[in-house]
Amino acid sequence: MTEMIEEKKAKGEPLVVMFVGINGTGKTTTIGKLANYYLKKGYEPVIAASDTFRAGAIEQVTHHADNVGVKIIKHQKGSDPAAVAYDAVEHAKAKGKELVLIDTAGRMQTNTNLMDEMKKIKRVSKPDLVVFVGDALTGNDATEQAVKFNEAIDVDGVILTKADADSKGGASLSIGYVIQKPILFLGMGQGYDDIKEYDADWMLNQLFSDDEEEMEVKE
Ligand SMILES: Nc1nc2c(ncn2[C@@H]2O[C@H](COP(=O)(O)OP(=O)(O)OP(=O)(O)O)[C@@H](O)[C@H]2O)c(=O)[nH]1
Ligand SMILES: [Mg+2]
């Protein structure tokens, strides 16, 4: 993802990343973490509050943006999420910001209306990356969701959250294998710094180590 930011930056454009997944997997928290991560790397992210659906969602993502210290683009609750995403991309282009993080409402893969709405956000905001956010603790369910989201919207990569509570992290292997897309990051807790770039060697060590302790973040 960092390489892609650099490639877009060389063209004077922001990298636009849209986050999708079912309810409560950690999309909004992950956006807060990534805004923090890339701000610390010297980039200027902007967040699009495109979950205009769930009560409190705009306030929640605004809280993260304020804590981290990045701009948020938001409209009223119930407004068109695609329009919010579009405005955030325009804002980034106008201000020379390097990264747009689009939060979206959680949706079940079986809800056709909401899946169609998600496709519209993609059509309108034209993201460079669509990231599926899955909860590592849900194992096979997360894999099944990833397949359905990938069929609906063509996912480019995966972020697995709650890996701090998943002793082995095997879900990442299944998802990566089944949809043949890279795992980008692992969520390792609820704090802004609790995110880790995916490292295959580290994951292999976790899988084949004898100890059943929870994974620890090692820098
Ligand atoms: N332990 C742990 N908790 C996490 C992690 N990521 C998110 N959470 C928690 O999971 C809960 C849901 O996170 P949200 O970011 O609101 O999830 P969401 O996908 O945006 O939810 P909806 O917008 O309702 O679909 C919160 O309590 C987060 O603190 C993680 O990596 N580890
Ligand atoms: Mg959310």
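Residues numbered from 1 in each chain as written. Chains lettered and ligands numbered in written order. Predicted model: local features only at pLDDT ≥ 70, side-chain atom pairs only at ≥ 80, totals over all residues. Heavy atoms only, no water.

Undergrad: Would you take a moment to explain unusual backbone geometry for this structure?
TA: Leave glycine aside and you will find that most residues have negative phi; peptide bonds, for their part, are mostly trans. In this structure, lysine 126 takes a positive phi of about 45 degrees despite not being glycine. Tracing the backbone through its elements, the reader meets lysine 126 in the loop between α5 (112–125) and β5 (129–135). For lysine 126, a relative accessible area of 62% gives the class exposed. (Helix = DSSP H or I, 4+ residues; strand = E, 2+ residues; numbered from the N terminus. Buried < 20%, exposed > 50% of the residue type's maximum accessible area, 1.4 Å probe, protein only.)

Undergrad: Explain the nonpolar core here, please?
TA: Among the nonpolar cores identified, the biggest contains 38 residues, and Val100, Ile102, Phe149 and Leu186 are the most heavily contacted of them. Leucine 186 has contacts with Leu160, Ala163, Asp194, Ile195, Lys196, Tyr198, Trp202 and Met203, leaving out every residue within four places of it along the chain. By size, the runner-up hydrophobic cluster in this structure holds 28 residues, among which are Met1, Ala35, Ala65 and Val68. (Core = buried A, V, L, I, M, F, W, Y, C linked by side-chain atoms within 4.5 Å. Contact = heavy atoms within 4.5 Å.)

Undergrad: Help me understand the pairing of strand β4 (residues 99–104) in this model?
TA: The two faces of the sheet receive side chains in turn, since in a regular strand these alternate between them. Taken across its six residues, β4 has six buried, putting it largely inside the fold. Along β4, one buried face is formed by Leu99, Leu101 and Asp103 and the opposite face, lined by Val100, Ile102 and Thr104, is buried too. Bridging between strand β1 (residues 15–20) and β4 involves four bridges; their strand directions are parallel. For valine 16, the partnering residue across the bridge sits in β4 and is valine 100. (Pairing = 2+ DSSP bridges.)

Undergrad: What is the right way to read the pairing of strand β6 (residues 157–161) from this model?
TA: Burial analysis of β6 places five of its five residues in the buried class, the great majority of the element. Taking every second residue as pointing to the same face, both faces of β6 are buried, with Gly157, Ile159 and Thr161 on one and Val158 and Leu160 on the other. Pairing geometry for β5 and β6, over five bridges, is parallel. The residue bridging valine 133 from the neighbouring strand is isoleucine 159, located in β6. For the segment spanning β5, helix α6 (residues 139–153) and β6, crossover handedness is right-handed. (Right-handed = clockwise from strand over helix to strand, strands pointing away.)

Undergrad: In this structure, what is going on with the packing of aromatic side chains? I would like to understand it.
TA: The geometry of an aromatic ring pair comes down to the distance between the two centres and the angle between the two planes. Going through the model one piece at a time under the given rule, you end up with four aromatic pairs. Look at tyrosine 37 and tyrosine 38: their rings are 5.0 Å apart centre to centre, the planes differ by 85 degrees, and that puts the pair in the edge-to-face class. Of the two residues examined, tyrosine 37 and tyrosine 38, each falls in the buried class. Put simply, the rings of Tyr37, Tyr38, Tyr43 and Phe185 touch in pairs and so form one group of aromatic residues. (Phe/Tyr/Trp six-rings, centres within 6.5 Å; stacked < 30°, edge-to-face > 60°.)

Undergrad: Is there a simple way to think about the side chain of lysine 33 in this case?
TA: You can see lysine 33 is positioned in helix α2 (residues 27–40). Within the structure, lysine 33 has its side chain in polar contact with the backbone oxygen of glycine 189 (distance 2.7 Å). In this structure the side chain of lysine 33 is engaged in a polar contact, spanning 2.9 Å, whose partner is the backbone oxygen of aspartate 194. Apart from residues no more than four positions distant in its own chain, lysine 33 is found in contact with Gly187, Met188, Gly189, Gly191, Tyr192, Asp194 and Ile195. (Polar contact = N/O pair within 3.5 Å; in protein donor to acceptor, adjacent residues only side chain to side chain.)

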